[in-house]
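# Remarks on the overall topology
Each chain, letter by letter, is given below.
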Amino acid sequence: MNAYLAASEDEVKSLGKKIVVVKNMEMGIFYVGGSFYAWRNVCPHAAAPVCKGLINGTTLPKDVYEYEFGRENQILRCPWHGWEFDLVNGHHLAPDSNAKLRGFEVKVEDGQLYVMMS
Ligand code: FES
């Protein structure tokens, strides 16, 4: 694994996300709940630039006719067809879906964010 400089820690913290290019691959660096995550900017559904989507929460699993909104700022919504992805683990939120964002480890060193890639 090699470490590739992707962004400054302060920049991503203040914006919540930044889209960068590392090794000719576009990805989004996200700051969620005090940690950084890097996801490739390609939706597993139909290859939209998913990292350009809105960051929001989602409707939590509940009984019929019960609605509760939660997970604020932890969910990425694809701009093309609205699939929702968990920004912490990359999983598509639909029940029984195996779709997942492709992610990379992010390391923080001296105020800089490095994406780990082979
Ligand atoms: S391309 Fe992302 S939901 Fe369709």
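Structure first, text after, so check above.
Residues numbered from 1 in each chain as written. Predicted model: local features only at pLDDT ≥ 70, side-chain atom pairs only at ≥ 80, totals over all residues.

### A few points about the sheet that holds strand 5 (residues 54-59)
Taken in spatial order, the three strands of this open sheet run 5-6-7, and their pairing is antiparallel. One side of each edge strand has no neighbouring strand; the edge strands of this open sheet are strand 5 and strand 7 (84-86). Across this sheet, the average inter-strand angle for adjacent strands is 60°, counted without regard to direction. With three bridges joining them, strand 6 (residues 69-77) and strand 7 adopt antiparallel strand pairing. Looking at the pairing, leucine 76 lines up with phenylalanine 85 of strand 7. (Pairing = 2+ DSSP bridges. Helix = DSSP H or I, 4+ residues; strand = E, 2+ residues; numbered from the N terminus. Axes fitted to C-alpha atoms, helices over the stretch in contact; angles between N-to-C directions.)

### What about unusual backbone geometry?
Here the phi dihedral of arginine 71 falls at roughly 55°; this positive angle occurs in a residue that is not glycine. On the basis of neighbour count, arginine 71 is assigned to the partly exposed category, with 17 C-beta atoms found within 10 Å. At asparagine 73, a position not held by glycine, the phi torsion is positive, near 65°. Assessed through the 14 C-beta atoms surrounding it within 10 Å, asparagine 73 is described here as partly exposed. (Buried ≥ 20, exposed ≤ 12 C-beta atoms within 10 Å, placed from the backbone.)

### Concerning the environment of phenylalanine 69
Relative to the assigned elements, phenylalanine 69 resides in strand 6. Measuring from C-alpha to C-alpha, the distance between phenylalanine 69 and glycine 28 comes to 25 Å, with 41 residues separating the pair along the chain. Aside from chain neighbours lying at most four places away, what touches phenylalanine 69 is Gly57 and Thr59. (Contact = placed C-beta atoms within 7 Å.)

### Some thoughts on the nonpolar core
It is characteristic of soluble globular proteins that their nonpolar side chains tend to be buried jointly. Ala6, Ile29, Phe36, Ala38, Val106 and Leu113 are the most contacted members of the largest nonpolar core, which totals 27 residues. Elements supplying a minimum of two residues to this core: strand 1 (2-8), strand 3 (25-32), strand 4 (35-40), strand 6 and strand 10 (112-117). Once residues within four sequence positions are removed from consideration, isoleucine 29 is found in contact with Ala6, Ala7, Val12, Lys17, Lys18, Val20, Phe36, Ala38, Val106 and Leu113. (Core = buried A, V, L, I, M, F, W, Y, C linked by C-beta atoms within 7 Å.)

### Points about the sheet that holds strand 4
The strand order across the open sheet formed by four strands is 2-3-4-8, and the pairing between neighbours is antiparallel. One side of each edge strand has no neighbouring strand; the edge strands of this open sheet are strand 2 (17-22) and strand 8 (103-104). Here six bridges tie strand 2 to strand 3, and the two strands are oriented antiparallel to one another. Bridging from a neighbouring strand, valine 22 pairs with methionine 25 of strand 3.

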